[in-house]
Amino acid sequence: MQNKSSTKLVALLFDVDGTLADTERDAHLPAFNLAFAEFGLDWYWDAVLYGDLLRVTGGKERLRHYVQRFHPDNQPSDDFLATLHQAKTKHYNDMLSQGSIPLRPGVKRLLLEARSAGLRLAIVTTTSPENVMALLRYSLAEDAHTWFEVIAAGDVVPVKKPAPDIYLWALRELKLDARQCLAFEDSENGLKSSMGAGVNTIITLNDYSAAHNFSGAALVLSDLGEPNLPFTAYEGDTLGHSYVDVAMLNASFAPF
Ligand code: XBP
Ligand code: MG
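Residues numbered from 1 in each chain as written. Chains lettered and ligands numbered in written order. Predicted model: local features only at pLDDT ≥ 70, side-chain atom pairs only at ≥ 80, totals over all residues. Heavy atoms only, no water.

> It is not clear to me how the packing of aromatic side chains should be interpreted in this structure. Could you clarify?
For any pair of aromatic rings, the description consists of the separation of the ring centres together with the inter-plane angle of the planes. For the coordinates displayed, the defined rule picks out 12 aromatic pairs. Taking the centre distance of 5.8 Å and the plane angle of 85 degrees together, the rings of Phe39 and Phe80 count as edge-to-face. Note that Phe39 is positioned in the loop between α1 (23-38) and α2 (47-53) and Phe80 in helix α4 (residues 78-97), a separation of 41 residues in sequence. Residue classification places Phe39 among the partly exposed residues on the basis of a relative accessible area of 30%. Here the aromatic residues Phe32, Phe36, Trp43, Trp45, Tyr50, Tyr66, Phe70 and Tyr208 are joined through ring pairs into a cluster of three or more. Directly above the aromatic system of Phe32 lies the positively charged group of Lys88, at a separation of 4.6 Å from the ring centroid. Its guanidinium or amino end placed over the ring of Tyr92, Lys88 lies 5.4 Å from that ring's centre, counting from NZ or CZ. (Phe/Tyr/Trp six-rings, centres within 6.5 Å; stacked < 30°, edge-to-face > 60°. Helix = DSSP H or I, 4+ residues; strand = E, 2+ residues; numbered from the N terminus. Buried < 20%, exposed > 50% of the residue type's maximum accessible area, 1.4 Å probe, protein only. Lys NZ or Arg CZ within 6 Å of the ring centre and 35° of its normal.)

> Quick question: what am I supposed to make of the coordination of the magnesium ion (ligand 2) here?
By definition of the ideal shapes, a tetrahedral metal site with four donors has angles of 109.5 degrees and an octahedral site with six donors has angles of 90 or 180 degrees. Surrounding the magnesium ion (ligand 2) are the protein donor atoms Asp15 (OD), Asp17 (O) and Asp186 (OD), which sit 2.1 to 2.2 Å from the metal. Read from N- to C-terminus, the donor residues coordinating the magnesium ion (ligand 2) fall into the pattern D-x1-D-x168-D. Residue Asp17 is located in the loop between β1 (11-14) and α1, and its partner Asp186 is located in the loop between β4 (181-185) and α8 (188-196); the two are separated by 169 residues in the primary sequence. Each member of the pair, Asp17 as well as Asp186, is classed as buried. (Donors = N, O, S within 2.8 Å, 3.2 Å for Na, K, Ca; no water.)

> When you look at the site of ligand 1 in this model, what are you seeing that I'm missing?
Neighbouring residues of ligand 1: 18 residues in total, closest Gly59, His85, Lys88, Thr125 and Thr127. Here an oxygen atom of ligand 1 sits 2.9 Å away from a polar atom, N or O, in the main chain of Gly58. For ligand 1, an oxygen atom lies 2.7 Å from a polar atom in the side chain of Arg62. For ligand 1, the accessible surface in isolation is 440 Å², of which the surrounding protein chains cover 96%. Listing elements by their share of the shell around ligand 1, those giving two or more residues are α1, α3 (59-70) and α4. (Near = heavy atom within 4 Å. Polar contact = N/O pair within 3.5 Å; in protein donor to acceptor, adjacent residues only side chain to side chain. Areas by Shrake-Rupley, 256 points an atom, 1.4 Å probe, with all protein chains shown as cover.)

In short, the description is geometric, and any link to function would need to be established separately.
This is the structure in structure tokens:
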């Protein structure tokens with residue numbers, strides 16, 4: 001991974017779902033199904049269908065897409081879908097408060113190290129601020145939301161990923177140029193969004209995104225790795241490193 005400019009790395013921008021934790025499979029999906037049952041709907045999303053539905057970002061948008069595709073004769077109102085989505089968000093938050101969703105390898109280590117090194121941190125996600133706060137609080141630390149200077153989330157922009165809008169919004173809030181930042185994403189839609197805003201991006205794969213197209217990514221890795229748990233690198237030059245740390249990121253951004 002080489003940044004083709006001599007710009008210094010200033011900020012790390014983190015996607016949430018699938019990047020910080022496997023929240024899609026382990027929390028969002030069961031929360032949607034709990035909400036369907038609560039409302040007496042005979043809808044059920046299994047893990048395979050959910051992988052397909054993930055092509056549509058945003059829970060409300062995903063619900064609308066699902067009913068249009070699978071229940072075309074029975075279109076609920078936007079108000080109903082919004083209420084259903086609120087119930088899903090409550091189930092998601094309840095689940096996270098039980099502390100059952102671990103962060104992915106290397107996430108906590110890199111965040112702590114980046115903070116100590118003076119790198120600025122931001123969240124750039126499609127999910128709601130409420131869900132971000134719950135994950136940070138229950139899976140990272142009580143005050144973890146204060147580690148992030150900007151939390152760009154949910155409906156703060158009208159068009160969600162893969163549009164670049166949420167990244168552009170975060171860059172404006174940070175008052176930074178895209179070339180001073182590095183994004184961490186797990187999905188093709190996330191990469192399209194970050195690249196669309198001009199931000200160099202490291203991909204950490206998960207089960208849902210393994211077959212996505214990541215052309216244009218700086219690196220494609222299994223995960224961020226740990227000193228005792230090296231990542232697998234699928235695309236890009238990791239400069240001899242076996243886990244992502246600030247030294248590796250700075251080396252990648254060094255002027256040449
Ligand atoms: C992933 C998403 C979200 C979640 C569900 O966002 O597309 O919609 O699946 O969350 P990212 P909501 O990877 O950008 O974090 O139901 O709150 O939308
Ligand atoms: Mg994601």
